[in-house]
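# Close look at the chain arrangement
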Amino acid sequence: MHPDQIRATLAQQHIETPSWAYGNSGTRFKVFAQDGIPRTAFEKISDAAQVHRFTGVAPTVAIHIPWDTPDAGRSYADLAEHARSEGVAIGAVNPNTFQDDAYKLGSVCNPDPAIRRRAIGHLLECIDIMRETGSKELSLWFADGTNYPGQDSIRERQDRLAAALAETYAALDDDMTMLVEYKFFEPAFYSTDLPDWGTSLLHCLHLGPQAKVLVDTGHHAPGTNIEMIVATLLREGRLGGFHFNSRFYADDDLMVGSADPFALFRIMFEIAQAGAVLPDAGVAFMLDQCHNIEAKIPGQIRSVMNVQEATAKALLVDLAALAGARSSGDVLAANAIVMDAYSSDVRPLLAAVREEQGLAPDPMAAFAASGYTEKIVSERVGGSAAGWGA
Ligand code: PSV
Ligand code: MN
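Residues numbered from 1 in each chain as written. Chains lettered and ligands numbered in written order. Predicted model: local features only at pLDDT ≥ 70, side-chain atom pairs only at ≥ 80, totals over all residues. Heavy atoms only, no water.

In the nomenclature of an unreviewed UniProt entry, the protein chain corresponds to L-rhamnose isomerase from the organism Nakamurella sp. A5-74.

## What about the nonpolar core?
Put simply, the rule is: By nonpolar core is meant a set of buried Ala, Val, Leu, Ile, Met, Phe, Trp, Tyr and Cys residues that side-chain atoms within 4.5 Å join together. When accessible area is computed with a 1.4 Å probe and restricted to protein chains, residues below 20% of their type maximum are described as buried, those above 50% as exposed, and intermediate ones as partly exposed. Only DSSP runs of H or I with at least four residues qualify as helices, and only runs of E with at least two residues qualify as strands; both kinds are numbered from the N terminus onward. Contacts are assigned to residue pairs that have any heavy atoms within 4.5 Å of one another.
Counting residues in hydrophobic clusters, the biggest one holds 99 residues, and the most contacted among them are V108, L239, F242, F244 and I271. With nine residues, helix α9 (residues 296-316) is the largest single contributor of residues to this core. Sequence-distant contacts of F244, that is, excluding residues within four places in its chain, are made with T217, V256, L264, I267, M268, F285, M286, L287, D288, Q289 and V307. Residues W20, W67, A92 and L214 belong to the second largest nonpolar core, which totals eight residues.

## A look at the site of ligand 1
The criterion, for reference: Any residue with a non-hydrogen atom lying within 4 Å of a molecule or strand is treated as near it. Here a polar contact means two N or O atoms within 3.5 Å. Within protein one must be a hydrogen donor candidate and the other an acceptor candidate, and residues neighboring in sequence count only if both atoms are side-chain atoms. Throughout, the Shrake-Rupley method with a 1.4 Å probe supplies accessible areas, and for residues the shown protein chains are the sole cover considered. The residue classification treats Ala, Val, Leu, Ile, Met, Phe, Trp, Tyr, Cys and Pro as nonpolar and Asp, Glu, Lys and Arg as charged. All others, Gly included, are polar.
Near ligand 1, the surroundings consist of W20, H64, W141, E181, K183, D216, H219, H243, D251 and D288. In the environment of ligand 1, an oxygen atom lies 3.0 Å from a nitrogen or oxygen atom belonging to the side chain of D216. The separation between an oxygen atom of ligand 1 and a polar side-chain atom of D288 is 2.8 Å. In isolation ligand 1 has 310 Å² of accessible area, and contact with the protein removes 91% of it. Across the shell around ligand 1, the residue classes tally to two nonpolar, three polar and five charged.

## Considering the coordination of the manganese ion (ligand 2)
For the record, the criterion: Distances decide who is a donor: an N, O or S atom must be within 2.8 Å of the metal, or within 3.2 Å for Na, K and Ca. Water is not included, so sites may look incomplete. Donor angles set the geometry label: tetrahedral for four donors if every angle is between 85 and 135 degrees, square planar for four and octahedral for six if opposite donors exceed 155 degrees and the others are between 65 and 115, irregular for anything else.
Surrounding the manganese ion (ligand 2) are the protein donor atoms E181 (OE), D216 (OD), H243 (ND1) and D288 (OD), at 2.1 to 2.2 Å. Each of the six donor atoms bound to the manganese ion (ligand 2) contributes to angles spanning 72 to 168°, and the resulting shape is octahedral. In primary-sequence terms, the residues that donate to the manganese ion (ligand 2) follow E-x34-D-x26-H-x44-D. Separated by 72 residues along the polypeptide, D216 in strand β8 (residues 211-216) and D288 in the loop between β10 (284-287) and α9 bring together distant segments of the chain.

## Digging into the UniProt feature "domain: Xylose isomerase-like TIM barrel" (unreviewed entry) in the protein chain
Rule in force here: UniProt positions are given in the numbering used here, feature names are shortened, and annotations may be inferred rather than shown by experiment.
Per the UniProt annotation, the sites labelled "domain: Xylose isomerase-like TIM barrel" (unreviewed entry) are residues 63-259. The distance from the first to the last C-alpha atom of residues 63-259 is 26 Å, and the span holds 36% helix and 18% strand.

## Section: the packing of helix α4 (residues 113-133) against helix α5 (residues 154-170)
To be explicit about the condition: With axes taken as lines fitted to C-alpha atoms, and helix axes fitted only over the stretch in contact, angles between N-to-C directions fall between 0 and 180 degrees. Should an angle fall under 35 degrees it is called roughly parallel, over 145 degrees roughly antiparallel, and 65 to 115 degrees roughly perpendicular, with every other angle called oblique. For any pair of crossing helices, the crossing counts as left-handed if the nearer helix is rotated counterclockwise from the farther one by less than a right angle, and right-handed if it is rotated clockwise.
Orientation of α4 relative to α5, taken along the N-to-C sense of each, is 30°, at an axis distance of 10 Å. Viewed along their axes, α4 and α5 adopt a mutual orientation that is roughly parallel. Seen along the crossing, α4 lies across α5 with a hand that is right-handed. Contact residues: α4 offers R116, R117, I120, L123, L124 and I127, while α5 offers R160, A164, E167 and T168.

## A closer look at the environment of H220
Take H220: it is sitting in the loop between β8 and α7 (226-236). On a C-alpha basis, the gap between H220 and A11 in space is 31 Å, while along the polypeptide they are 209 residues apart. In this view, H220 contacts Y182, F184, V215, I226, I229 and R247; residues no more than four positions away in its chain are not counted. Of the polar contacts made by the side chain of H220, one reaches the backbone oxygen of D216; its length is 3.4 Å.

## Describing helix α8 (residues 261-273)
Note the threshold: Take the residue count of a helix, subtract one, and multiply by 1.5 Å to get its expected span.
The end-to-end C-alpha separation of α8 is 18 Å, in line with the 18 Å expected for 13 residues at 1.5 Å each. Of all the residues in α8, the buried ones are A263, L264, F265, I267, M268, F269, I271 and A272. Structurally, α8 contributes buried residues whose contacts are with α7, β9 (239-244), β10, α9, α10 (319-327) and α11 (331-343). Of the residues trailing α8, G275 is marked for its positive phi of about 65°.

## Some remarks on the pattern of salt bridges
Rules: Salt bridges are identified by distance alone: a Lys or Arg side-chain nitrogen within 4 Å of an Asp or Glu carboxyl oxygen.
Here the structure, examined in full by the defined rule, presents 23 salt bridges. A salt bridge links D152 to R157, with the shortest nitrogen-to-oxygen separation between them at 2.8 Å. Both residues of the pair, D152 and R157, belong to the buried class. With a shortest N-O distance of 3.0 Å, R347 and D345 are connected by a salt bridge. Under the relative-accessibility criterion, R347 is labelled exposed at 54%. Judged by relative accessible area, which is 47%, D345 ranks as partly exposed. Taken together, the shared-partner salt bridges connect D152, E156, R157, R160 and D193 into one network.

## Observations concerning the side chain of D47
If you trace the backbone, D47 turns up in helix α2 (residues 41-55). A residue is classified by how much of its surface remains accessible, and D47, at 2% relative accessible area, is buried. Beyond its immediate stretch of four places on either side in the chain, D47 contacts Y22, P38, I297, Y372, I376 and R380.

Structure (structure tokens):
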């Protein structure tokens, strides 16, 4: 790719940040509270806007319902208007069918039809919220599964899931996409109803073209070749997007690119080869992370920069030379071409791209110098800080 085109692509990249990254989070052992944490969905959006302000490539914020229910007297339309006033927009709407007591045995796969009805009602309510906020993506993840062999019928749970997805799909507007996320375990420990990309894809194929698979990088068994999944889904036109994060062990939700930057590069290389980096390709690049011990906004800025660096390296691969090496069977040359790009220091290139956009070359330093952290720490006193379940 011509260097001008690489710079233009990097400047137009779109990486969505999640509202839940700005609240307090932790593990099942402890949630460590931080100062200046948003108390409302509005304040989370304001924090997300800072990430866009300093990186220039994070113009949307995913919301999670009911965590992001507007405070009394304000509506979802108000939330969308607030986002606009902060220079961002609402991105994917994520329903939550995993935190009510009713969902102990599952939500849309629950053996009790009344509980399934309640879960489907929430999914439909989220489609209304999409209409109110201008969101075009319904991002579905279900905690459904079983803990013990024999607990429930694996096959009947698939039937219930298919019926719930079909009813939800039928309610979508023509310009909406349903993203179907999978995860191989947790919180269910024996069987998970959507455990892998194959099961997600099967459901999507039955539903229709508006249903696509969402790949959360933390939701695979160790050693899984995620870029192969990405290539296969791209080939089928069914890669809806990513939840980017890093893991050393399971679903660790660490900053993307922190545990294995090479894996992130390999994923972005598949995306680059398919010409799917920019938003018009229909692949949504979203972060799904929890900053348990590090500061939230800088944690998101660093994550966005990590995705940008992996993308820049992927775009640097000399595809013409690679095609030659591949067709002549020169394994070592082909591998060297890819590794040359991976080994490049793309930080000066990205600094130049930012300067061309009128941004500071180092978003981390610029945010630290902005005084925003000091401002929210002094202003956000009283009320309850957002966190898990809020
Ligand atoms: C589940 O682990 C998940 O990846 C889903 O995307 C949820 O919506 C999100 O995490 C909640 O943090
Ligand atoms: Mn996820």
